[in-house]
Amino acid sequence: RDARPMRALLSAAPRAAPIGWSGVAPWSAAGLRGLARFVLSEADLEERFVRGGGPGGQKINRARNKVQLTHVPTGISVSCQEHRALKSNRAEARKVLRDKVELALHGEQSKLARKAEKVRRRKARGRRRARLKHGGGESHGAAPPAREDEDGDEDE
């Protein structure tokens, strides 16, 4: 029996997430590299919904769509009012809190710290290249250095 039609059917069907899924599917490239996403336990979170404020008018000022999320074991807290929808704010607050808690627990090994280090290195490389290209830090408005005469003293 030919297995090609079954293989095509399986690849087209959505795959169910395995139990204990950390956000990265084991069959994806990120799962193969071992870059599992940091997971927060819902039991460790304390969530409050409060009235928002700022631009957006009545929809923002009357609705309880601002999310305040606290990770109880570490005491780290975030507030989110990026979107008008509560559902979007809840998701955004969880992302921000996850990154903050991971940074607090894992320090330089966290995803956020690695990303910041990569940006820092890229900027340093750009500065280094600019110095090499434009002559090593001379400012454009500075007077040229004084030259010496044939007899050894400076020109006046």
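Residues numbered from 1 in each chain as written. Predicted model: local features only at pLDDT ≥ 70, side-chain atom pairs only at ≥ 80, totals over all residues. Heavy atoms only, no water.

1. Topic: the overall build of the protein chain
Okay, step 1: Scanning the protein chain from N- to C-terminus turns up five helices and three strands.
Okay, step 2: Going from the N terminus to the C terminus, the protein chain shows its helices and strands as α-α-β-α-β-β-α-α.
Okay, step 3: Relative to its full complement of 156 residues, the protein chain shows a buried share of 16%.
Okay, step 4: Sequence separation of 24 or more characterises 31% of the internal contacts of the protein chain that already satisfy a separation of 6 or more.
Okay, step 5: If you sum the accessible surface of the protein chain, you get close to 12700 Å²; carbon and sulfur atoms cover 52% of it. (Helix = DSSP H or I, 4+ residues; strand = E, 2+ residues; numbered from the N terminus. Buried < 20%, exposed > 50% of the residue type's maximum accessible area, 1.4 Å probe, protein only. Contact = heavy atoms within 4.5 Å. Areas by Shrake-Rupley, 256 points an atom, 1.4 Å probe, with all protein chains shown as cover.)

2. Remarks on the side chain of Asn89
Okay, step 1: Looking at the secondary structure, you find Asn89 in helix α4 (residues 86–106).
Okay, step 2: Reaching out from Asn89, the side chain makes a polar contact with the backbone oxygen of Asn65 at a distance of 2.7 Å.
Okay, step 3: The residues touching Asn89, leaving out its near neighbours within four places in the chain, are Asn65, Val67, Cys80, Gln81, Glu82 and His83. (Polar contact = N/O pair within 3.5 Å; in protein donor to acceptor, adjacent residues only side chain to side chain.)

3. Some words on the side chain of His71
Okay, step 1: In this structure, His71 sits in strand β2 (residues 66–71).
Okay, step 2: In contact with His71, other than residues within four places in its own chain, are Leu40, Asp44, Leu45, Ile76, Leu97 and Val101.

4. Observations concerning the pairing of β2
Okay, step 1: Summarising the sheet, strand β1 (residues 45–50) and β2 pair through six bridges and their orientation is antiparallel. In the strand pairing of β2, Arg48 is matched with Gln68.
Okay, step 2: Direction of pairing for β2 relative to strand β3 (residues 76–80): antiparallel, over a ladder of five bridges. Each residue of the ladder has a partner; that of Leu69, found in β3, is Val78.
Okay, step 3: Here β2 folds back onto β3, and the loop between the two strands holds four residues, one of which, Gly75, carries a positive phi near 80 degrees. (Pairing = 2+ DSSP bridges.)

5. Quick look at the environment of Cys80
Okay, step 1: Within the secondary structure, Cys80 is located in strand β3.
Okay, step 2: Those residues within four positions of Cys80 in sequence are excluded, and the remaining contacts are Asn65, Lys66, Val67, Asn89, Glu92 and Ala93.

6. Things to note about the nonpolar core
Okay, step 1: Ranked by size, the top nonpolar core spans 11 residues in total: Phe38, Leu40, Leu45, Val67, Leu69, Ile76, Val78, Cys80, Ala93, Leu97 and Val101.
Okay, step 2: Put simply, the parts of the chain that give this core at least two residues each are β2, β3 and α4.
Okay, step 3: Filtering out sequence-adjacent residues up to four positions away, Phe38 remains in contact with Arg98, Val101, Glu102, Leu105 and His106. (Core = buried A, V, L, I, M, F, W, Y, C linked by side-chain atoms within 4.5 Å.)

7. Some remarks on α4
Okay, step 1: Between its first and last C-alpha atoms α4 spans 30 Å; for 21 residues at 1.5 Å apiece the expected length is 30 Å, and the two agree.
Okay, step 2: Buried within α4 we find Asn89, Ala93, Arg94, Leu97, Arg98, Val101 and Glu102.
Okay, step 3: Buried positions along α4 lie against β1, β2, β3 and α5 (111–134). (Expected span 1.5 Å × (residues − 1).)

8. Section: the sheet that holds β3
Okay, step 1: One open sheet holds the three strands; their spatial order is β1-β2-β3, and the pairing between them is antiparallel. Two strands in the sheet have a free side with no partner beyond their single neighbour: β1 and β3. Going from strand to strand, the sheet's axes swing by 15 degrees on average, the running direction of each strand aside.
Okay, step 2: Lying over the sheet, α4 contacts β1, β2 and β3, oriented at roughly 150 degrees with respect to β3. (Axes fitted to C-alpha atoms, helices over the stretch in contact; angles between N-to-C directions.)

9. Observations concerning a positive patch on the surface
Okay, step 1: A contiguous patch of positive charge on the surface is contributed by Lys123, Arg125, Arg127, Arg128, Arg129 and Arg131.
Okay, step 2: Note that Arg125 resides in helix α5.
Okay, step 3: For Arg125, a relative accessible area of 44% translates into the label partly exposed. (Patch = residues over 30% accessible without salt bridge, like charges linked within 9 Å, V, L, I, M, F, W, Y side chains within 5 Å. Salt bridge = Lys/Arg side-chain N within 4 Å of Asp/Glu carboxyl O. Lys, Arg positive; Asp, Glu negative; His and termini not counted. Charge placed at Lys NZ, Arg CZ, Asp CG, Glu CD.)

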